[in-house]
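Tertiary structure, described
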Amino acid sequence: MGEDGTLLYSFYRNNEGDPLGTTITAIKDIYQQLPDGVSIVHSCSTGYGEALVKAALLLDEGEVETVSHYYAASFFEPSVDCILDIGGQDMKCIKIKNQTVDSVQLNEACSAGCGSFIETFAKSLNYSVEDFAQEALFAHHPIDLGTRCTVFMNSKVKQAQKEGAEVSDISAGLAYSVIKMPCLR
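Residues numbered from 1 in each chain as written. Predicted model: local features only at pLDDT ≥ 70, side-chain atom pairs only at ≥ 80, totals over all residues. Heavy atoms only, no water.

1. Some details on unusual backbone geometry
Backbone phi values are negative for most residues with the exception of glycine, while trans is the configuration of most peptide bonds. What counts, and what does not: Each helix is a run of DSSP H or I of at least 4 residues and each strand a run of E of at least 2, with the numbering of both proceeding from the N terminus. Think of it in three bands: with a 1.4 Å probe and only protein chains considered, a residue is buried below 20% of the maximum accessible area for its type, exposed above 50%, and partly exposed in between.
For E16, which is not glycine, the phi dihedral falls at a positive 50°. Within the secondary structure, E16 is located in the segment before α1 (19–33). Residue Q99 is not a glycine yet carries a positive backbone phi of 60°. The residue Q99 is located in the loop between β4 (91–97) and β5 (100–106) in this model. Assessed through its relative accessible area of 61%, Q99 is described here as exposed.

Set out below in structure tokens:
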């Protein structure tokens, strides 16, 4: 980020179980793109590999993932009171009270709605996750997929496909299902 908060660089990739290796790949990419005379003056890691990456690369700081989510959300919406973090393997509902993370609910027992679950659906329909999510914005009749586990949702999606459901309606249906997950209540 620049001094004024402008995003100067973005890198997103599944770490494939190797957060340090993926971080090193990103850092190499950053250094290839840095203009002459520009340097990185501060570094911080967060997420599941936070402590490993911080220690291995001698970073300035590490921050707990949920706190990082709050900082980012409050940048865009200072009065934020709830954040849904749809991660690769879990989902978190982060409740904010008095500008502090008050509680975190995790759906660790259920993979429905998690990033890898949604990514799998997108790939099965030959879409990138980004394009699949974009499709949901244009849904006319989102499919009711319920709020059960992935096995049941897989069956419902396949049935909806047989009945001619649009990709946009499937994507929107998955988005609604995530919000309605009983494991986050």
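2. Quick notes on the pattern of salt bridges
Note the cut-off: Salt bridge, as used here, is a side-chain nitrogen of Lys or Arg placed within 4 Å of a carboxyl oxygen of Asp or Glu.
Counted by the stated rule, this structure contains three salt bridges. Between K92 and E65 there is a salt bridge, with the nearest N and O atoms lying 3.6 Å from each other. Taken as a pair, K92 in strand β4 and E65 in helix α3 (residues 65–76) lie far apart in primary sequence, 27 residues in all. Assigned by exposure class, K92 and E65 land together as buried. The salt bridge partner of E119 is K123, with a shortest N-O separation of 3.7 Å. In this pair, E119 and K123 both sit in helix α4 (residues 115–124), four residues apart, roughly one turn of the helix. Given the relative accessible area of 56%, K123 is considered exposed. Look at the salt bridges and you will find they share partners, linking E65, D85 and K92 into a network.

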